[in-house]
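Secondary and tertiary structure notes
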Amino acid sequence: MQSKEISLVLSGGGARGIAHIAVIEELLKKGYTIQSISGTSMGALIGGVYAVGKLEEFKQWLLKVNKQKIFRLIDFSFSSKGLVKGERVFNEIKEFITDVNIEDLSIIFNATAFDIANNREVVFDCGSLFQAIRASISIPTIFTPLSVGNSVFVDGGVVNNIPISNIVRKPNDVIIAVNVNAGLTEKVDVFSSILNEKNITNEQDALLNINKKINYFTLINTTLVTMTNHMSNVLLEKNPPDVLVEIPRTCAGIFEFYKANEIIEIGREAVIKSMLAIESKILV
């Protein structure tokens, strides 16, 4: 087998991004070298933790997270900028992201965020690793944005959730992109057909039926996934990777970090299923 290096693109997706851990583990187990990582949101976090050599420690921490732990990490801000300050969460993350600059890492790394103050995508390829991840993972309306100078950064998924366009390549590498929001169909219905569904007799009943299923977190989860999925499909058509590893969006909600063990195993199954495709690219 010809030795080739992997350029790894890790998507955002909240708790579903935990699946990236298994992808990295399986690639390393096969003896592949990950020479470059480009990540958005949770993909940036997992990629950054791996880049500083703390992936196993972070994995073990995640496996101990339960609903009570998540609740204790939520520091509500009740601010118009975000529901959660994020200080408790990011203080925990600091235990795994050492005070290091991106350019000093042993592998090439970058994180994608969106600067809402200047309406631009920003790729963090130097400076503080922690700050880059903090910017990339600031989910709008959930975490308060990161302000740096004249910039205000939010989650990179707003503009580029599968940042294939930002990966730094080497000759003869293989690009593997991991999408943790796979399986969302872009279904279109007209309202008149909804009125004809079972147990719905008028417009008021139709709206009431929808409202019963929606709470704040469901609203955020569904809206973000739908938005990022549509943009991701466009980006994948424009910049197709050599291999696309797909993790079903149904494996967990954005905030279900207490399902870490289950999510990791789903990620492991997905990358193992993709291994033949990966090996075929390696052998080219």
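Residues numbered from 1 in each chain as written. Predicted model: local features only at pLDDT ≥ 70, side-chain atom pairs only at ≥ 80, totals over all residues. Heavy atoms only, no water.

1. Focus on the pattern of salt bridges
- With the rule as written, the count across this model stands at eleven salt bridges.
- In this structure, E279 engages K30 in a salt bridge whose closest nitrogen and oxygen atoms are separated by 3.7 Å. With E279 in helix α11 (residues 275-282) and K30 in the loop between α1 (19-29) and β2 (33-40), this pair connects stretches of sequence that are 249 residues apart.
- The class for K30 is partly exposed, based on a relative accessible area of 46%.
- For E265, the salt bridge identified is with R268, shortest N-O distance 3.5 Å. Of this pair, E265 and R268 are both found in helix α10 (residues 260-273), three residues apart, which corresponds to roughly one turn of the helix.
- Given the relative accessible area of 14%, R268 is considered buried.
- One salt-bridge network, in which partners are shared between bridges, spans E25, E26, K29, K59, E265 and R268. (Salt bridge = Lys/Arg side-chain N within 4 Å of Asp/Glu carboxyl O. Helix = DSSP H or I, 4+ residues; strand = E, 2+ residues; numbered from the N terminus. Buried < 20%, exposed > 50% of the residue type's maximum accessible area, 1.4 Å probe, protein only.)

2. A short note on the pairing of strand β1 (residues 5-10)
- Of all six residues in β1, five are buried; the element is thus mostly enclosed.
- Of the strand pairs in this sheet, β1 and strand β10 (residues 174-182) are connected by five bridges, and their pairing is parallel. Directly across from S7, in β10, lies its bridge partner I175. (Pairing = 2+ DSSP bridges.)

3. A closer look at the pairing of strand β9 (residues 151-155)
- Most of β9 is tucked away, with four of its five residues classed as buried.
- Bridge count for strand β5 (residues 108-115) against β9 is three bridges, and the pairing is antiparallel. Paired with D115 across the bridge in β9 is F153.
- Pairing between strand β8 (residues 146-148) and β9: three bridges, direction antiparallel. Residue V148 lies in a different strand from β9, and its bridge partner there is S151.
- The hairpin turn running from β8 into β9, its antiparallel successor, is two residues long, and G149 in that turn takes a positive phi close to 60 degrees.

4. Some points on helix α2 (residues 42-51)
- Of all ten residues in α2, ten are buried, a share of seventy percent or more.
- Residues M42, G43, A44, L45, I46, G47, G48, V49, Y50 and A51 constitute the buried set of α2.
- Of the residues flanking the end of α2, it is G53, one or two places downstream, whose phi is positive at about 80 degrees.

5. Overview of the side chain of S151
- By secondary structure assignment, the location of S151 is in strand β9.
- In this structure S151 comes out as buried when scored by relative accessible area, which is 7%.
- Polar contacts involving the side chain of S151 include one to the side chain of D115, which spans 2.9 Å.
- The residues touching S151, leaving out its near neighbours within four places in the chain, are D115, A117, N118, R120 and L146. (Polar contact = N/O pair within 3.5 Å; in protein donor to acceptor, adjacent residues only side chain to side chain. Contact = heavy atoms within 4.5 Å.)

6. Brief notes about the environment of W61
- For W61, the location among the structural elements is in helix α3 (residues 55-63).
- Classification of W61 by relative accessible area gives partly exposed; the value is 22%.
- Between the alpha carbons of W61 and A260 there is a distance of 9.7 Å; along the sequence they are 199 residues apart.

7. Section: the side chain of Q35
- Relative to the helices and strands, Q35 is located in strand β2.
- Relative accessible area serves as the criterion here: at 5%, Q35 is assigned to the buried category.
- What Q35 contacts, discounting residues up to four positions off in sequence, is E5, I6, S7, I107, I108, V168, R169, K170 and D173.

8. A closer look at α3
- Those residues of α3 that fall on the buried side of the exposure criterion are L55, F58, K59 and L62. For α3, the angular spread of buried residues about the axis comes to 105 degrees, placing them on one side.
- Where the residues of α3 are buried, they touch α1, α2 and α10. (Arc of directions from axis to C-beta.)

9. What about the packing of aromatic side chains?
- Tallied over the entire structure, the rule returns four aromatic pairs.
- Where F58 meets W61, the ring centres are 5.8 Å apart and the plane angle is 15 degrees; that geometry is what we call stacked. Note that F58 and W61 are positioned in helix α3 at a spacing of three residues, about one turn of the helix.
- Its relative accessible area of 2% is what places F58 among the buried residues.
- Every member of this aromatic cluster is reached through a ring pair, and the members are F58, W61 and F96.
- Across from the ring centre of Y258, 5.1 Å away, lies the NZ or CZ of K67, which sits over that ring. (Phe/Tyr/Trp six-rings, centres within 6.5 Å; stacked < 30°, edge-to-face > 60°. Lys NZ or Arg CZ within 6 Å of the ring centre and 35° of its normal.)

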